[in-house]
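# Architecture and fold: a report
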Amino acid sequence: AGSDISKIDQIIKGENITQKKFLSKSYASTSFLMDDKLSNLGQFKELLKKFINTDKQEITKSLLDSNLTGRGGAGFPAGMKWDFCKKAISEKKYVICNADEGDSGAFSDRYLLEDQPLKVLFGAINSLKKEGLLGNNILETKFSFDLNICIGQGAYICGEETALIASIEGRRAEVDVRPPFPVTEGLYKKPTVVNNVETLAAATGILINGADKFSAIGNKKSAGTKLVCLDSFFNNPGVYEVEMGTPMKKVLNDIGGGFKEPIKALQIGGPLGGVIPINEAEKLNLDFQEFTAAGFMLGHASIVSIPKDFPMIDYIHHLFEFSAEESCGKCFPGRLGSYRGKEMFDQAKNKTAKIPLKLLNELLITMQKGCLCALCGAIPTPIMNILKYFGDEMKDDMVKDN
């Protein structure tokens, strides 16, 4: 928030400043992410006792039966990932919680870490150690498990699991070629599960409330509840737990309370997410497959509003600039493609040259097909959406043949 920046000295001193917290509320029939069934260590200890003595096969089965898919954007079945890692043979295995929340408009991880830390096993690490709930032979069992926090280096690429592993190991945060996948060879070459904050919180909710309740919401590939973040253009900005399959019309107008000023499009799922005209967004439901089939991406469902008077040529320039800045530099299409795209739009903004549309399309397809990871490989999605739905707005800056 802009106003907080001017109070930075008071914030550092720890002076009591009334900061307006975003709204948070569950609209789900069963709350998996926002209920307070894990608000104290006593409850945590009882639940840990129960699940530490539950057969591991049963726990992975619960996750598989629940149809929980990864909430970080890729949407891979979480139970399958855990199962692969469980089957990998190794005397040591790791679980990485990816809390590198770098996407614009996303603050669901922050909400969970601040308000529901025990669900993710985060901010409570020291108190868990004190209670003997971390370390060797937890609760007199043969199970040993410890936790450490690694401070991220602020690079967007660290949201990608192989780059995140590289940064924890002290290597340059670059994407690795897969296979091998982290579940068989991950952190320090040991089997590793990498899950986003919300995925881990949902797994906890599933174990507490039951897989059948989670899988009964939405459909097989888009099951359960999802945290949705609404930005400051909404009358009710905040983070909300919403059932998968809920009409977007309801999310935008009933839960979000509509907009404070005229909006022409929404970028959903972070900088790599699709840019959706308002009238198209209102036709969709909160569903991973529906978004993909319509040429967009739900991702982690953060919503950034684009005002009516914001020029789309500036928005595309911003997207190319972002990927040029944040590319890890490992693959040619990512490193050079995003920079060439930015150059094209620099010229258009400065009115020194028009954008060759054929060349731009070729560039976007090369990035989509040739990039090693989703950072530069997915940025063409929002750009293609804008060209498709808002091409008229930029027709004076484009030239059809080279």
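Residues numbered from 1 in each chain as written. Predicted model: local features only at pLDDT ≥ 70, side-chain atom pairs only at ≥ 80, totals over all residues. Heavy atoms only, no water.

### Re the state of the cysteines
Heads up, the condition is: Throughout, disulfides are identified as pairs of cysteine sulfur atoms within 2.5 Å of each other.
Under the definition given, this model contains zero disulfides. In this structure Cys373 is a free cysteine whose sulfur lies 6.1 Å from that of Cys328, the closest cysteine sulfur available.

### Topic: the packing of aromatic side chains
Applicable threshold: Stacked, tilted and edge-to-face are the three classes applied to pairs of Phe, Tyr and Trp rings, where Trp contributes its six-membered ring and a pair requires centres within 6.5 Å; stacked means planes under 30 degrees apart, edge-to-face means over 60, and tilted covers the rest. Going along the chain from the N terminus, every DSSP run of H or I of four or more residues is numbered as a helix, and every run of E of two or more is numbered as a strand. Any residue under 20% of the maximum accessible area for its type is buried, any over 50% is exposed, and the rest in between are partly exposed; the area is computed with a 1.4 Å probe on protein chains only.
Across all of its chains, the model carries eight aromatic pairs by this definition. With a centroid separation of 5.9 Å and an interplanar angle of 65 degrees, the aromatic rings of Tyr27 and Tyr240 are classed as edge-to-face. Highlighted residues: Tyr27 in the loop between β1 (23–26) and α3 (41–52) and Tyr240 in strand β5 (residues 238–243), separated in sequence by 213 residues. Judged by relative accessible area, which is 33%, Tyr27 ranks as partly exposed. Residue class for Tyr240 comes out buried when judged on its relative accessible area of 4%. With a centroid separation of 4.6 Å and an interplanar angle of 40 degrees, the aromatic rings of Phe234 and Phe259 are classed as tilted.

### Details of the nonpolar core
How we decide: For this analysis, a nonpolar core means a set of buried residues of the types Ala, Val, Leu, Ile, Met, Phe, Trp, Tyr and Cys, connected via side-chain atoms within 4.5 Å. Contacts are residue-level and defined by heavy atoms, with any inter-residue pair within 4.5 Å sufficient.
Core analysis: the biggest nonpolar cluster contains 45 residues, and Met312, Phe320, Leu360 and Ile386 have the highest contact counts within it. Looking at this core, the elements with two or more residues in it are α9 (161–168), β8 (302–307), α15 (312–326), α16 (332–349), α17 (357–370), α18 (374–378) and α19 (380–390). Looking at which element gives the most residues to this core, the answer is α15, with seven residues. The residues contacting Met312, other than those within four sequence positions of it, are Lys264, Ala265, Val275, Ile306, Ile386, Phe390, Glu393 and Met394. Core analysis: the second largest hydrophobic core is formed by 25 residues, Phe22, Leu63, Leu68 and Leu113 among them.

### Re the side chain of Gln267
For clarity, the cut-off: Whenever two N or O atoms come within 3.5 Å, that pair is a polar contact, provided that in protein one can donate a hydrogen and the other can accept it, and provided that, for residues adjacent in sequence, both atoms are side-chain atoms.
Residue placement: Gln267 occurs in strand β6 (residues 263–268). In terms of polar contacts, Gln267 uses its side chain to reach the backbone carbonyl oxygen of Gly273, at 2.9 Å. In this structure Gln267 touches Leu272, Gly273, Gly274, Val275, Ser302, Ile303, Val304, Tyr315, Leu319 and Pro382, once residues within four positions along its chain are discounted.

Any link to function would need more than the numbers given here.
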